[in-house]
Amino acid sequence: MAMESVANSVQLPPLDNPNERSAVGAELQVVLQDLIDLSLIGKQLHWSVVGAAAHSVHLFLDELVGEWRELADVVAERAVTLGFVPDGQSSAVAAGSRVEAVEVQSLADHAVVWELGRRVAAVAERIRERLGSIGAADLVTQDVLIKVVGMLEKHQWLLRVQLGQKA
Ligand SMILES: [Fe+2]
């Protein structure tokens, strides 16, 4: 058994539950789609925002978009590490993203913050719900996704405070 484990680890990391390899890959694919879509919606709102706070919201959204793109990269590379080729193309994102699109129109600064905040919260919640089962299959992937949820929840807070909501 030990020999097999070592031989296997030369090619692919051994998972806590090797039968779950494709399920872990599929999970990472779904998270990748949501993160890419979030970054696209963030850009859309970066262009759509109007109002007294438009300038600061506009700049802040670019920061968030940059962080979501980095998180997407980390998630995609975890998938490849496990021997699964992720699809981050627009066709895959359009077909598989669970993030709600925004209207193509100008949107007031507070509405932008609200609309984005609830989408970030929804993505974070969906990943959080799956952490237990992912951990049973692969603790290292769980760790990657815990960091994603941590970042998204931080973003949720940074958006929430802009609406003047207290902790
Ligand atoms: Fe810009």
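All of these numbers come straight from a predicted model, not from anything done at the bench. (Residues numbered from 1 in each chain as written. Predicted model: local features only at pLDDT ≥ 70, side-chain atom pairs only at ≥ 80, totals over all residues. Heavy atoms only, no water.)

Q: Whenever I open this one, the pattern of salt bridges confuses me. Can you help?
A: Pairing between side chains of opposite charge can happen when their charged atoms approach one another. The final tally for this structure, using the stated rule, is 11 salt bridges. A salt bridge links E115 to R118, with the nearest nitrogen and oxygen atoms 3.0 Å apart. In this pair, E115 and R118 both sit in helix α5 (residues 109-137), three residues apart, roughly one turn of the helix. For the salt bridge of E153 with R128, the shortest nitrogen-to-oxygen distance reads 2.9 Å. In this pair, E153 is assigned in helix α6 (residues 139-160) and R128 in helix α5, connecting sequence segments 25 residues apart. Members of the salt-bridge network, linked through shared partners, are E100, E115, R118 and R119. (Salt bridge = Lys/Arg side-chain N within 4 Å of Asp/Glu carboxyl O. Helix = DSSP H or I, 4+ residues; strand = E, 2+ residues; numbered from the N terminus.)

Q: Mind showing me how you'd approach the nonpolar core here?
A: Across soluble globular proteins, nonpolar side chains show a tendency to be buried alongside one another. Counting residues in each nonpolar core, the largest one holds 43 residues, and the members touching the most others are L116, I127, L145 and L152. Within the residue set of this core, elements represented by two or more residues are α2 (21-48), α3 (54-81), α5 and α6. Beyond its immediate chain neighbours, meaning those up to four positions away, L116 contacts I41, G42, L45, L61, L64, W68 and L159. (Core = buried A, V, L, I, M, F, W, Y, C linked by side-chain atoms within 4.5 Å. Buried < 20%, exposed > 50% of the residue type's maximum accessible area, 1.4 Å probe, protein only. Contact = heavy atoms within 4.5 Å.)

Q: Whenever I open this one, the environment of L107 confuses me. Can you help?
A: Take L107: it is sitting in strand β2 (residues 107-108). Residue L107 is classed as buried on the basis of its relative accessible area, which comes to 18%. Expressed as a C-alpha distance, the spacing of L107 and A54, which sit 53 residues apart in the sequence, is 9.6 Å. Residues in contact with L107, not counting those within four places in the same chain, are L45, S48, V49, V50, V112 and E115.

Q: Even after reading the chapter, I still don't get the UniProt feature "domain: Ferritin/DPS" (unreviewed entry) in the chain, so can you show me in this structure?
A: Those residues carrying the UniProt feature "domain: Ferritin/DPS" (unreviewed entry) are residues 27-164 in this numbering. The span residues 27-164 is 78% helical and 3% strand by assignment, and the distance between its end C-alpha atoms comes to 35 Å. (UniProt positions renumbered as here; feature names shortened; annotations may be inferred.)

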